[in-house]
Amino acid sequence: MLEELKQKSKVVGVKQTRRAVSDGSARRIFLARDADPKVTEPLADLCAQRGVPVEWVPSMKELGTVCGIAVGSAAAAATA
């Protein structure tokens, strides 16, 4: 599933991901398991309300790397 982030349009970061879910452009959300639950859980709840699938990634470092950034990321979204 992470290949989707390498090949498709995406947004990276909690604020941008939340915005993509809210405006309906997010097709799938990726959240890092080692991120602070205070950050990821509200986003996971929003996805459940909006019917957006959520995939959990083992680490922030791995998610950041897949997204092509030099730092870790708690969240990313594959967008339409």
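Definitions and cut-offs
Residues numbered from 1 in each chain as written. Predicted model: local features only at pLDDT ≥ 70, side-chain atom pairs only at ≥ 80, totals over all residues. Heavy atoms only, no water. pLDDT = per-residue confidence, 0-100. Helix = DSSP H or I, 4+ residues; strand = E, 2+ residues; numbered from the N terminus. Salt bridge = Lys/Arg side-chain N within 4 Å of Asp/Glu carboxyl O. Buried < 20%, exposed > 50% of the residue type's maximum accessible area, 1.4 Å probe, protein only. Contact = heavy atoms within 4.5 Å. Arc of directions from axis to C-beta.

Trainee: Help me out: how do you make sense of the confidence of the model for the chain in this one?
Mentor: Regions with low pLDDT carry predicted coordinates that are not meant to be interpreted in detail. Mean pLDDT over the chain works out to 93, with 100% of the residues at or above the 70 mark. Within the chain, no element has a lower average pLDDT than helix 1 (residues 3-7), which sits at 78, and none a higher one than helix 2 (residues 14-22), at 97.

Trainee: Sorry, what's going on with the pattern of salt bridges here?
Mentor: Two side chains carrying opposite charge are able to pair once their charged atoms lie near each other. Taken as a whole and judged by the stated rule, the model has one salt bridge. Between Glu-55 and Arg-28 there is a salt bridge, with the nearest N and O atoms lying 3.2 Å from each other. Of this pair, Glu-55 sits in strand 3 (residues 54-57) while Arg-28 sits in strand 2 (residues 26-32), and the two are 27 residues apart along the sequence. According to the relative accessible area criterion, Glu-55 is partly exposed, its value standing at 25%. Using a relative accessible area of 17% as the deciding quantity, one classes Arg-28 as buried.

Trainee: Got a minute to help me understand the side chain of Thr-40 in this structure?
Mentor: Here Thr-40 is to be found in helix 3 (residues 37-50). When near neighbours in sequence (up to four residues on either side) are disregarded, Thr-40 contacts Leu-31, Ala-32, Ala-35, Trp-56 and Ala-74.

Trainee: I keep staring at helix 4 (residues 60-67) and nothing clicks. Help me out?
Mentor: One full turn of an α-helix is made of 3.6 residues, so residues set three or four places apart face in the same direction. Those residues of helix 4 lying buried are Leu-63, Gly-64, Val-66 and Cys-67. On an axial view of helix 4, the arc spanned by its buried residues comes to 165°, and they lie on one face. Those residues of helix 4 that are exposed and angled more than 90 degrees off the buried face are Lys-61 and Thr-65. At its buried positions, helix 4 is contacted by helix 1, strand 1 (10-12), strand 2, strand 3 and strand 4 (75-79). Where helix 4 terminates, the next one or two residues include Gly-68, which has phi positive at roughly 85°.

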